[in-house]
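# Residue-level structure breakdown
Now for the letters of each chain:
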Amino acid sequence: QGKGLFATKNIRKGETVFVERPVVSSQFLWNALYNYRACDHCLRALETAEENAQRLLGKSSLVLPHPEQCSIRKDLHQQCSQCQVTYCSAECKQAALEQYHQVLCLGPSRDDPTHPLNKLQEAWRNMHYPPETSSIMLMARMVATVKQAKDKEWWIKAFSQFCSKTANEEEEIVHKLLGDKFKGQLELLRLLFTEALYDEHLSRWFTPEGFRSLFALVGTNGQGIGTSSLSQWVHACDALDLPMLQREELDAFIDQLYKDIEKESGEFLNCEGSGLYVLQSCCNHSCIPNAETSFPENNFLLHLTALEDIEAGEEICISYLDCCQRERSRHSRNKILRENYLFTCSCPKCLVQADDADVTSDEEEEGEGETDDAELEDEMTDV
């Protein structure tokens, strides 16, 4: 769990507790597979809401009403002149260049499969299928940030404040990606990571134990980031003051659009990535959270919003589980939390259900007849 974060004043339901920028972030490698286009620094979607909807729907003739509600400014987009990575603005291009991109820029080797960074990324793609929720490139950006920094010790200290335990010895829990069955994959990743990025100042991160700690740091602290110009357009349309008939027509159009998109594209609708956030990582988990994270600005800026009134001195808790996972049995919830975050939950909901039988939820029972090999195959996709 995190260190714990407590309200310093009374916070009302719906109020923004804080807005936070990540220490480092990265979009997932799988975005390219789905033709998602996001700023390589802040993850802001690069396509307009209409282009986003057209692609997801597979229908280039689609026209969205109220196009003025889309905030994407293509005239501001810029590319790295060396490797053609795209940014949403000159500011993001400059920020990336100053923090990590000089080390990670592939230049003319962008499509060279023998380049060490490309070999590392390809190995990760082959091991870790969508949905991807912790990325090797987040680790690469951590290393690149230290390599480029004038004050390397400041950045090493900044990263050291995140929990990087690979196991909870008291409860004998080991992070699911660091168990014996993934030893070979982790060692291959470590060797490729070392070939691509080794730095004397960070030599500890490249040792077997240090690499495991780095992996655990990203796995236990990485906050998923989702951005979408379409969803931002929908929120902007929701806020429009329209006559009742127009409002009903627009709502019906949007409802149908989402149904059609889901039928065509499934569940991967957003540009996805992850980041390390200092304040957010301090928040402990609860299966009945009083706050939630979101990304309403269509970039990596995290907003923490109160789900109910929070009194001064009260702990602010978020959920490390998604909505569906929170509805599962106490046994199922804690299985996920132990494997991914190395703790057993003792929130009020779990305490009330403490005497429930240790059985998995219906959703999991359906798949319990599968062989261990089948489970192994997609276990690396869950973290």
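See the structure shown above.
To start, this report covers the structure provided alongside it. (Residues numbered from 1 in each chain as written. Predicted model: local features only at pLDDT ≥ 70, side-chain atom pairs only at ≥ 80, totals over all residues. Heavy atoms only, no water.)

Pairing is antiparallel across the open sheet formed by 3 strands, whose spatial order is E2-E8-E7. Since the sheet does not close on itself, it has two edges, and those belong to strand E2 (24-27) and strand E7 (223-227), each with one partner. Going from strand to strand, the sheet's axes swing by 30 degrees on average, the running direction of each strand aside. When E7 meets strand E8 (residues 271-276), the two strands line up antiparallel, connected through 5 bridges. Residue Gly 226 lies in a different strand from E8, and its bridge partner there is Glu 272. Of the strands in this sheet, E2 and E8 touch helix H4 (residues 136-148), which is tilted by about 140 degrees from E2. (Pairing = 2+ DSSP bridges. Helix = DSSP H or I, 4+ residues; strand = E, 2+ residues; numbered from the N terminus. Axes fitted to C-alpha atoms, helices over the stretch in contact; angles between N-to-C directions. Contact = heavy atoms within 4.5 Å.)

Ranked by internal contacts, the top residues of the largest apolar core, which has 78 residues, are Ile 136, Met 142, Phe 159, Leu 189, Phe 193 and Trp 205. Elements with a contribution of two residues or more to this core: helix H2 (90-104), helix H3 (116-127), H4, helix H5 (152-160), helix H6 (183-197), helix H7 (208-221), strand E11 (302-306) and helix H12 (330-341). A per-element tally of this core places H4 first, with 9 residues. Three or more residues apiece are contributed to this core by two domains, here domain 1 (5-21 + 277-354) and domain 2 (61-220). Once residues within four sequence positions are removed from consideration, Leu 189 is found in contact with Leu 120, Ala 123, Trp 124, Met 127, Ile 136, Phe 211 and Phe 215. Formed by 22 residues, the second largest nonpolar core is a distinct cluster that contains Ala 53, Leu 64, Cys 237 and Leu 257. (Core = buried A, V, L, I, M, F, W, Y, C linked by side-chain atoms within 4.5 Å. Buried < 20%, exposed > 50% of the residue type's maximum accessible area, 1.4 Å probe, protein only. Domains from an automatic or database assignment.)

On to the packing of aromatic side chains. Under the definition given, this model contains 9 aromatic pairs. Consider the rings of Tyr 198 and Phe 206, whose centres lie 5.1 Å apart with planes at 55 degrees: the pair is tilted. On the basis of relative accessible area, Tyr 198 is assigned to the partly exposed category, the value being 37%. Given a relative accessible area of 4%, Phe 206 falls into the buried group. Taken together, the ring pairs in this structure connect Trp 124, Phe 193, Tyr 198, Phe 206, Phe 211 and Phe 215 into an aromatic cluster. (Phe/Tyr/Trp six-rings, centres within 6.5 Å; stacked < 30°, edge-to-face > 60°.)

None of the figures reported here should be taken as evidence of function without further support.
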